[in-house]
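Given next are the chains, with one letter for each unit.
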Amino acid sequence: MRVRARSMPADTHFKPHRHGWAQLAYCASGIVQVTAATPDEVTYIVPPSRAVWIAPGALHAINVLETAEFRTLYIHANATPAGWQGCRVIVVSPLLREMVLSLEMNPHASLPPEGAAFALGRPGSKTQGGPVLSKAREALLSALLIDEITHADTQPLGVPLPHAEHGDKRLRALCEAVLRAPAERATLAGWAADMGASERTMARLFRDELGTSYQQWRQQAILAHALPLLARGTPVSQVAAASGYASDSAFSAMFKAAMGQSPSYFQNKKGL
């Protein structure tokens, strides 16, 4: 298990790539977007101290939306928790954050190459001029960290996207337009007209290609859009308006039903 810590400016991009190791990606601060194919393409917009679990071998790309203190935890494929073959968003608990920091302070341990495939196997433990954790301490930290990841709360922040090559281009364009401007139009009819298709056709494409309705898909897109705004302390009224809701109460009701907490719970809270 190894940790890579970096400061990355907005608009930093990692092109689609895959690893033989599992990867846990999160930001101590800032916002990142992770797009993964496992096998369906899903995009995650991750606020501070949420993390995306990326399964071994999963093709994924990372875009930095807001200057970020980025943390990447590499985990050997053999340590993957049972059933964790896809990607998911987890809550980074204070304990998990401190354990990552402990491994992060072992800066001279060799790391897997970023953005490149590599063979399965433990990275070498040779140093480049500094101490490393003892094998016993590293083993204890690693085991506890895996257990903490396994029992972490998950959150529904993934937004599925149509396949870039084989999916319907109109549906792909509609989904990307909603992600860019979720408040611009609330109805499927309005978006469908922009794509030169009927509302019925686009509704069928959502069912056939994404296995969901437009309303359900848009809710996931709204949650992914709203959480980073709330994490930065944006007033709920502004987040509701930016999400296409005419009233704060309607937005708050949707948010609480989906997330189990009111929007205000996620505002300006470290560790959330």
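Above this note sits the structure.
Residues numbered from 1 in each chain as written. Predicted model: local features only at pLDDT ≥ 70, side-chain atom pairs only at ≥ 80, totals over all residues. Heavy atoms only, no water.

Asks: Before we move on, could you go through unusual backbone geometry and cite the residues and values that matter?
Replies: Backbone phi values are negative for most residues with the exception of glycine, while trans is the configuration of most peptide bonds. At Asp11, a position not held by glycine, the phi torsion is positive, near 75°. Inspection of the secondary structure assignment puts Asp11 in the loop between strand S1 (2-8) and strand S2 (13-17). On the accessibility criterion, Asp11 (58% relative accessible area) is exposed. (Helix = DSSP H or I, 4+ residues; strand = E, 2+ residues; numbered from the N terminus. Buried < 20%, exposed > 50% of the residue type's maximum accessible area, 1.4 Å probe, protein only.)

Asks: Quick rundown of the layout of surface pockets? Include the residues and the values.
Replies: Looking at the largest pocket, its volume works out to about 380 Å³. Taken together, 18 residues make up the lining of the largest pocket; nearest its centre are Gln33, Ile45, Leu65, Leu179 and Arg180. For the lining of the largest pocket, the secondary-structure elements that each account for two or more residues are strand S3 (22-37), strand S4 (41-46), strand S6 (59-75), helix H3 (169-180) and helix H6 (214-231). A class-by-class count of the residues in the lining of the largest pocket yields eight nonpolar, four polar and six charged. (1 Å grid on protein atoms, 1.4 Å probe; cavity = no way out; pocket = protein on both sides within 12 Å on 5 of 7 lines; lining within 4 Å. Points joined across faces, edges and corners; volume = space filled by probe spheres on them. Nonpolar A, V, L, I, M, F, W, Y, C, P; charged D, E, K, R; others polar.)

Asks: Describe in detail the nonpolar core, supporting the description with residues and values.
Replies: Ranked by size, the top nonpolar core spans 34 residues in total, and within it Val32, Tyr44, Val52, Phe70, Phe251, Phe255 and Met259 carry the most contacts. Breaking this core down by element, the ones donating at least two residues are S3, S4, strand S5 (50-54), S6, H6, helix H7 (236-242) and helix H8 (248-259). Top element by residues in this core is H6. It accounts for six residues. Sequence-distant contacts of Phe251, defined by excluding residues within four places in its chain, comprise Ile222, Ala226, Val236, Val239, Ala240, Ser243, Tyr245 and Pro263. (Core = buried A, V, L, I, M, F, W, Y, C linked by side-chain atoms within 4.5 Å. Contact = heavy atoms within 4.5 Å.)

Asks: Explain the packing of aromatic side chains to me, using residue names and the numbers behind them.
Replies: Tallied over the full model, the rule gives seven aromatic pairs. Between Tyr245 and Phe251, the ring centres sit 5.6 Å apart and the planes meet at 70°, which makes this aromatic pair edge-to-face. With a centroid separation of 5.8 Å and 45° between ring planes, the pair formed by Phe251 and Phe255 is classed as tilted. With Phe251 and Phe255 both in helix H8 and four residues apart, the pair spans about one turn of that helix. Judged by relative accessible area, Phe255 falls into the buried class, the value being 0%. Each member of the aromatic cluster is reached from another via a ring pair, and the members are Tyr245, Phe251, Phe255, Tyr265 and Phe266. (Phe/Tyr/Trp six-rings, centres within 6.5 Å; stacked < 30°, edge-to-face > 60°.)

Asks: Can you explain the pattern of salt bridges? Please cite residues and give values.
Replies: If you walk through the whole model with that rule in mind, you get six salt bridges. With a closest N to O distance of 3.1 Å, Glu41 and Arg172 form a salt bridge. Taken as a pair, Glu41 in strand S4 and Arg172 in helix H3 lie far apart in primary sequence, 131 residues in all. Take Glu41 and Arg172: they sit in the same class, and that class is buried. Its salt-bridge partner being Arg71, residue Glu69 comes within 3.8 Å of it at the nearest N-O pair. A network of salt bridges, in which partner residues are shared, links Glu41, Arg172 and Glu176. (Salt bridge = Lys/Arg side-chain N within 4 Å of Asp/Glu carboxyl O.)

Asks: Give me the side chain of Thr212: which residues, what numbers.
Replies: Inspection of the secondary structure assignment puts Thr212 in the loop between helix H5 (199-210) and H6. Assessed through its relative accessible area of 15%, Thr212 is described here as buried. Polar contacts involving the side chain of Thr212 include one to the side chain of Gln216, which spans 2.9 Å. Contact partners of Thr212, with chain neighbours within four places excluded, come to Phe206, Arg207 and Trp217. (Polar contact = N/O pair within 3.5 Å; in protein donor to acceptor, adjacent residues only side chain to side chain.)

Just distances and angles here, no functional claims.
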